[in-house]
Amino acid sequence: VSSFARMFVQVCLYFYCKCLWRCLKFVVRKLTGQCELQRICYNTKPGAARTMKIEASLKGSKSKRLQTSVNVHPDAIEKTIDDIMELKRINPDINPQLGVSLQACLLQIVGYRNLIAEVEKLRREPYDSENPQHEEMLLKLWKCLKPNSPLKARISKQWCEIGFQGDDPKTDFRGMGLLGLYNLVYFAEWDTEIAQQVLTDSLHPKYREVERKDLSVSNAWQYLDFNYFFFLSQLSKAEWEKKKFDKAIGYSFAIVGINITDLAYNLLVSGALKTHFYNVAPEAPTLTHFQQTFCYLMHEFHKFWIDEDPLDIMEFNRVREKFYKRTLRQLQNPEMALCPHFAASESLINM
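- Per an unreviewed UniProt entry, the protein chain goes by the name ELMD1 protein and belongs to Nicator chloris.

### Section: the overall build of the protein chain
Thinking step 1. Tallying secondary structure elements over the protein chain gives 16 helices and 2 strands in all.
Thinking step 2. Residues counted as buried form 43% of the 351 residues belonging to the protein chain.
Thinking step 3. In the protein chain, the share of contacts with a sequence separation of at least 24, taken over all contacts with a separation of at least 6, comes to 67%.
Thinking step 4. Here the protein chain has roughly 20000 Å² of accessible surface; of this, 56% comes from carbon and sulfur atoms.

### As for helix H15 (residues 316-331)
Thinking step 1. Between the first and last C-alpha of H15 there are 22 Å, a value that for 16 residues agrees with the 22 Å anticipated at 1.5 Å per step.
Thinking step 2. In this structure, the buried side of H15 is in contact with helix H12 (253-270), helix H13 (274-280) and helix H14 (287-308).

### Let's talk about the environment of Phe-277
Thinking step 1. Among the structural elements, Phe-277 can be located in helix H13.
Thinking step 2. For the pair Phe-277 and Ala-337, spaced 60 residues apart in sequence, the C-alpha separation works out to 7.5 Å.
Thinking step 3. Non-local contacts of Phe-277, meaning those with residues more than four positions away in its chain, are made with Gln-108, Tyr-112, Leu-115, Leu-268, Pro-285, His-289, Phe-290 and Thr-293.

### A few points about the nonpolar core
Thinking step 1. In terms of nonpolar packing, the biggest core is built from 85 residues, with Ile-54, Leu-141, Leu-181 and Phe-290 touching the most fellow members.
Thinking step 2. Residue assignment places this core across two domains, with domain 1 (34-124) and domain 2 (132-207 + 247-332) each supplying three or more.
Thinking step 3. Setting aside its immediate chain neighbours within four residues, Ile-54 contacts Leu-37, Ile-40, Cys-41, Leu-102, Cys-105 and Ile-109.

### Description of unusual backbone geometry
Thinking step 1. Even without being glycine, Arg-89 reaches a positive phi, approximately 60°.
Thinking step 2. Among the structural elements, Arg-89 can be located in the loop between helix H5 (77-87) and helix H6 (96-124).
Thinking step 3. Backbone geometry at Asp-309 places phi at a positive 50°, although glycine is not the residue there.

### Re the packing of H6 against helix H8 (residues 177-190)
Thinking step 1. It is the contact of H6 with H8, at a shortest axis distance of 3 Å, that shows an interaxial angle of 105°. In terms of their interaxial angle, H6 and H8 are classed as roughly perpendicular. Each of Val-119, Leu-122 and Arg-123 in H6 lies in contact with H8, whose residues at this interface are Gly-177, Leu-178, Leu-179 and Tyr-182.

### Looking at the side chain of Asn-95
Thinking step 1. By the secondary structure assignment, Asn-95 is in the loop between H5 and H6.
Thinking step 2. One polar contact links Asn-95 to Tyr-42, side chain to side chain, over a distance of 2.8 Å.
Thinking step 3. Once residues within four sequence positions are removed from consideration, Asn-95 is found in contact with Gln-38, Tyr-42, Met-85 and Ile-90.

### As for the packing of aromatic side chains
Thinking step 1. Scanning the entire structure with this criterion turns up 15 aromatic pairs.
Thinking step 2. When the ring of Tyr-127 is compared with that of Phe-173, the centres are 5.7 Å apart and the planes differ by 25°; the resulting orientation is stacked. Here Tyr-127, found in the loop between H6 and helix H7 (132-145), pairs with Phe-173, found in the loop between H7 and H8; they are 46 residues apart in sequence, far enough to count as distant.
Thinking step 3. Judged by relative accessible area, Tyr-127 falls into the buried class, the value being 10%.
Thinking step 4. Residue Phe-173 is classed as buried on the basis of its relative accessible area of 2%.

### Examining the packing of helix H3 (residues 48-59) against H6
Thinking step 1. Relative orientation of the contacting elements H3 and H6 amounts to 85°, with a least axis distance of 9 Å. Taken together, the axes of H3 and H6 lie roughly perpendicular to each other. The segment H3 lies against H6, with Arg-50, Thr-51, Ile-54, Glu-55 and Leu-58 engaging Ser-101, Leu-102, Cys-105, Leu-106, Gln-108 and Ile-109.

### So, the confidence of the model for the protein chain
Thinking step 1. Chain-level pLDDT for the protein chain is 84 on average; 78% of the residues reach the 70-or-more range.
Thinking step 2. Predicted confidence for residues 208-232 stays below pLDDT 50, and this span has 37 contacts to residues more than four positions away or in other chains.

### Remarks on the side chain of Lys-146
Thinking step 1. Tracing the sequence through the fold places Lys-146 in the loop between H7 and H8.
Thinking step 2. Only 3.4 Å separates the side chain of Lys-146 from the side chain of Glu-161, close enough to count as a polar contact.
Thinking step 3. Those residues in contact with Lys-146 that sit more than four places away from it in its chain are Glu-161, Ile-162 and Leu-199.

### Some points on the pattern of salt bridges
Thinking step 1. Within this structure, the stated rule accounts for 18 salt bridges.
Thinking step 2. Between Lys-45 and Glu-335 there is a salt bridge, and its shortest N-O distance comes to 3.3 Å. Taken as a pair, Lys-45 in the loop between helix H2 (36-43) and H3 and Glu-335 in the loop between H15 and helix H16 (343-350) lie far apart in primary sequence, 290 residues in all.
Thinking step 3. A salt bridge links Glu-315 to Arg-318; the shortest N-O distance between them is 2.6 Å.
Thinking step 4. Classification of Glu-315 by relative accessible area gives buried; the value is 18%.
Thinking step 5. Counted as one network, the salt bridges with shared partners bring together Glu-308, Glu-315, Arg-318 and Lys-322.

What counts and how
- Along each chain, residues carry numbers from 1 onward, in the same order as the chain's sequence is written.
- Residue-level local features of this predicted model are given only where pLDDT is at least 70; pairs of side-chain atoms are given and counted only at 80 or more, and the full residue set underlies all totals for whole chains, interfaces and linings.
- Based on all heavy atoms of the structure, the side-chain values leave hydrogens and waters out of the count.
- Per the convention used, a helix needs a DSSP run of H or I reaching at least four residues, while a strand needs a run of E reaching at least two, with both numbered from the N terminus.
- Think of it in three bands: residues with accessible area under 20% of the maximum for their type are buried, residues over 50% are exposed, and the middle band is partly exposed, with areas taken using a 1.4 Å probe on protein chains only.
- We call two residues in contact whenever any of their non-hydrogen atoms come within 4.5 Å of each other.
- To be clear on the numbers: accessible area is Shrake-Rupley with a 1.4 Å probe, and residue cover counts the displayed protein chains and nothing else.
- To estimate how far a helix should extend, the number of its residues minus one is multiplied by 1.5 Å.
- Joining through side-chain atoms within 4.5 Å is the link that ties buried Ala, Val, Leu, Ile, Met, Phe, Trp, Tyr and Cys residues into a set, and such a set is a nonpolar core.
- Each domain's extent was defined by an automatic or database domain assignment.
- Lines fitted to the C-alpha atoms define the axes, with helices restricted to the stretch that makes contact. Angles between their N-to-C directions range from 0 to 180 degrees.
- Throughout this description, any angle smaller than 35 degrees is read as roughly parallel, any larger than 145 degrees as roughly antiparallel, any in the 65 to 115 degree range as roughly perpendicular, and the remainder as oblique.
- We call two N or O atoms a polar contact when they sit within 3.5 Å, provided that within protein one can donate a hydrogen and the other can accept it, with sequence-adjacent residues counted only if both atoms are side-chain atoms.
- Each aromatic pair joins two rings of Phe, Tyr and Trp (for Trp, the six-membered one) with centres within 6.5 Å, and gets the label stacked for planes under 30 degrees apart, edge-to-face for over 60, and tilted for any other angle.
- The quantity called pLDDT is the predictor's confidence in a given residue, expressed from 0 to 100.
- The salt bridge criterion pairs a side-chain nitrogen of Lys or Arg with a carboxyl oxygen of Asp or Glu, the two atoms within 4 Å.

If you want it as structure tokens, here you go:
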């Protein structure tokens, strides 16, 4: 019975999507004198809400020309707009603003697709210590983060001071390739003060004294759970004196940066970042937009890590997953802009 019910629902949905929905659009067009693209552009403000509706409308069209319009080359967008206007029988002289709005939306849609390709290319390119440009970027990272501490040698234990795992950082870029290095250098070069502060905090976490009253049942969850609370309540005075200073856990700055690069990459490829980019990039989102988003995520993750107050570094994956889900929830808001203070969004706000 349940299988039959599911099949019946699927048939109804198919019928609705393929037949009834198209009939409804036809009726609405006759009543309003406007096609779906016109209604979206005229009734939805610029930004993610409009662009995502336009994208869904074009992809869901029965016309192949409209379906493929979201995959054209940026140089062909103007001609594509003319084709859409002709296909929809819209007079551009009577509707001049429609062409402008559609062009802005298509630039964002096509630009997002091209950004994925550019980011993927960097991710797939391995770090090459024989490449002078790669080596120059790596040394720039050190100089931006540690301007008062000269690097004594290319292969050195000093790299651990900025959060790499060993003497040679090149081995840590395997997962994200050059993309991890590009993001870290951008953060260190363009958001230097915050990057240096995050690095310092990660190396020298603060101690805080925990009072017994803080471990009441009402507050037990912020530390661990009731089992841990019971364990602490059984401690002798001497044992408590040894444990009463709770050390905030630090982390490896560079390794976490590469990990947050992976998080940003997944948000991009999944399409979750469309909301953000369509709101902050007036036209095509670029690699710079992606790197600015990485800076924001690094800063926010650092604050999130401190608020979560993990017991040790082994909790990193749990904290990261929780941060990832929080960011996804934020991006479900069509008006969300993760970092609206960046210059890229100012022109859109001014508009």
